[in-house]
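# Coordinate inspection notes
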Amino acid sequence: MNDLLLPTLDVLGTFAFAVSGVIAARHRNLDLFGVIFIAFITACGGGIIRDLCLGITPPASLSSWRYLFIALLAVFFTLVFKNWIKKLEYPIFLFDAIGLGIFAVTGASKALHYTGAYETAIIMGVTTAVGGGLLRDVFLNRAPIVLEKEIYASAAIVGTCIVVAGNYLGLQEFFVMLAGATVTFLIRYFSYRNNWNLPRFMGD
Amino acid sequence: MNDLLLPTLDVLGTFAFAVSGVIAARHRNLDLFGVIFIAFITACGGGIIRDLCLGITPPASLSSWRYLFIALLAVFFTLVFKNWIKKLEYPIFLFDAIGLGIFAVTGASKALHYTGAYETAIIMGVTTAVGGGLLRDVFLNRAPIVLEKEIYASAAIVGTCIVVAGNYLGLQEFFVMLAGATVTFLIRYFSYRNNWNLPRFMGD
Amino acid sequence: MNDLLLPTLDVLGTFAFAVSGVIAARHRNLDLFGVIFIAFITACGGGIIRDLCLGITPPASLSSWRYLFIALLAVFFTLVFKNWIKKLEYPIFLFDAIGLGIFAVTGASKALHYTGAYETAIIMGVTTAVGGGLLRDVFLNRAPIVLEKEIYASAAIVGTCIVVAGNYLGLQEFFVMLAGATVTFLIRYFSYRNNWNLPRFMGD
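Residues numbered from 1 in each chain as written. Chains lettered and ligands numbered in written order. Predicted model: local features only at pLDDT ≥ 70, side-chain atom pairs only at ≥ 80, totals over all residues. Heavy atoms only, no water.

### Quick word on the overall build of chain A
Along the backbone of chain A there are seven helices and zero strands. Going residue by residue from the N terminus, the α and β elements of chain A occur as α-α-α-α-α-α-α. At 16 Å, chain A has a C-alpha radius of gyration in line with the 17 Å of a compact globule built from 204 residues. Residues counted as buried form 56% of the 204 residues belonging to chain A. A fraction of 76% describes how many contacts in chain A between residues 6 or more apart in sequence connect residues 24 or more apart. For chain A, the accessible area works out to roughly 8,500 Å², and carbon and sulfur atoms hold 67% of it. Charged side chains in chain A number 14 positive and 12 negative. The centres of these two groups are separated by 10 Å. (Helix = DSSP H or I, 4+ residues; strand = E, 2+ residues; numbered from the N terminus. Rg over C-alpha atoms; globule rule 2.2 N^0.38 Å. Buried < 20%, exposed > 50% of the residue type's maximum accessible area, 1.4 Å probe, protein only. Contact = heavy atoms within 4.5 Å. Areas by Shrake-Rupley, 256 points an atom, 1.4 Å probe, with all protein chains shown as cover. Lys, Arg positive; Asp, Glu negative; His and termini not counted. Charge placed at Lys NZ, Arg CZ, Asp CG, Glu CD.)

### Let's talk about the relation of the copies chain C and chain B
Note on the identical chains: chain C maps onto chain B by a rotation of 120° and an axial translation of 0.0 Å, with an RMSD of 0.0 Å. These values place the two chain copies in the arrangement generated by a three-fold rotation axis. When you check the interface residues of chain C against chain B, a mere 9% turn up at the interface there too, and the two sides of the contact use different surfaces. (Least-squares fit on C-alpha atoms with pLDDT ≥ 70 in both.)

### Re the relation of the copies chain B and chain A
For these two chains of identical sequence, chain B goes onto chain A by a turn of 120° and a shift of 0.0 Å along the axis, with RMSD 0.0 Å. Little of the interface of chain B is mirrored in chain A, where only 9% of its interface residues are also at the interface.

### Regarding the interface of chain C and chain B
Tallying the contact residues gives 33 residues for chain C and 31 residues for chain B. Across the chain C/chain B interface, buried area totals approximately 2,700 Å², and carbon plus sulfur atoms make up 69% of it. If one sorts the elements of the side of chain C that touches chain B by residue count, helix H5 (residues 118-139) of chain C sits on top with nine residues. (Buried area = accessible area lost by both parts, 1.4 Å probe.)

### Concerning the state of the cysteines
Think of a disulfide as a covalent bridge from one cysteine sulfur atom to another cysteine sulfur atom. For the structure shown, the criterion picks out zero disulfides over all chains. Free cysteine Cys-161 of chain A: the closest other cysteine sulfur is in Cys-44 of chain C, separated by 18 Å. (Disulfide = S-S within 2.5 Å.)

### Describing the side chain of Arg-188 of chain A
Residue and element names in this part refer to chain A. Relative to the elements of secondary structure, Arg-188 occurs in helix H7 (residues 173-193). Among the polar contacts made by the side chain of Arg-188, one reaches the main-chain carbonyl oxygen of Ile-151 at a distance of 3.4 Å. The contacts of Arg-188, once residues within four sequence positions are left out, are Phe-93, Ala-97, Leu-100, Glu-150, Ile-151, Tyr-152 and Ala-155. (Polar contact = N/O pair within 3.5 Å; in protein donor to acceptor, adjacent residues only side chain to side chain.)

### Side note on helix H2 (residues 32-54) of chain A
Residues and elements named next belong to chain A. Spanning 23 residues, H2 covers 32 Å between terminal C-alpha atoms, matching the ideal 33 Å at 1.5 Å per step. By the largest-angle criterion, Cys-44 marks the main kink of H2, which is about 55°. Taken across its 23 residues, H2 has 21 buried, putting it largely inside the fold. Capping of H2 at its N-terminal end is provided by Asp-31; its side-chain oxygen lies 3.2 Å from the backbone amide nitrogen of Phe-33. (Expected span 1.5 Å × (residues − 1). Bend = angle between axes of the 7 residues up to and from the residue.)

This is the structure in structure tokens:
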């Protein structure tokens, strides 16, 4: 079940992140290559940085057609259904929140397997979850949204901490990851719905 | 012949990319270090990302004086001949297009040797060819030109696909690389001359 | 003595760089996660790039709680003493200049131990010293200060060259590093006090 569920969720999360990349890229006058690039880097950028930091070369998303194919599919989907996209804002938010939870726990788990270090697991889980969005905004030459708005990275931190705590307590990994991803999703979901934010700092 | 031709082309491509970096950096009020940095990162940034993704550490351009020397030469050349540079726009475009073709096929070929994976070869070839220009624009804090204008990365994709196809068909690598670099150059050349573009996406 | 002095200086330099990150991040409307992220990346970004280029995975600052803790401390310190920060501008400049010197020589020394190549040592030393500031400005979406203003990277270059020269001459490493860090600090100090700059390039 673990063998089937995780890849399925990974595909869903990748697709959701790629769609969010395409949506962010519109109004930017990018050409087709530019849009595909942004979709791919939004979906895979966090995992690429994680794999480089863990010494996994080439990174997983550069070693299989799957991720490039998902990015192309996301571009095609958004292109074809662009009149629907506004109405689809809510399902896309849901996908993105699911992707956030999945990427946080799978990133933390992968780092834990490779290094055994809790700090590395937490940082790499958060990097996997938010790194793609950071790179997307860097390449679109705008201030990274993830550093400014709503509880996003913080939700991922909680998910990675659950993975680390579960490992420390010797709990069954599959259920720990499910719990971490679910909690991350719920924190993200309710903070978006209720417009929660972390405190601003030195805005004066 | 392979042993002599490729390094020669590599030097020419590196020089052309470094000059394009210096030209992009003017009007930016950079100091001398800033200009040298931008020249070096434009010329070598793509190869550095490629080598990191392939697990080649330290990256080739950080292990030899050659690349730093070429970057310094490009800065000196552009500084001395700055009144000529406008008239030199056309030869510089030619150099850049040659560099694009060379970097695409050498990047794809290197990735193929290290991983044997076709997807990795294509992505790494394109990364080698356009990564330096992307980093240049990120550090100059402007929207990356390569995502917006003219057929540039797309020409590199065709070149990398020729390398992969030649490998699949078991053709002699030297001629495959020559063909890939030439086709990339020609696509870039004619798209620039005729102002071809990829379709824009969601500009509405 | 070497075993105690270097880690102490490393902590001081990391703290100074993290504080400079927090100060750069204010007026940006970042949330608490954003501020901590900028503090951490300013302090550790250069070392992370260096370790990735040297094949040291995971990078040192992702393998120990120390660096994250220092970043958190820097955020807390700047938050609590924010009314003092303006008056503290001068000590913060001093810390930053000390950090610059320390990071330049420790980065060069680490690269020399791992590769034995002088070019790699110089580039990696400078990368360690200025990479964090570069990434800080990229993520804050502003033109990198280090490419524009005052003698900063150049001071680091001199420090790394002293490390390389000392290695070539077979001098005792500890004193060479002390000399390199001191010279870097002094160049930075006097160029700031006297408003020295490298020549601007093609500002016309």
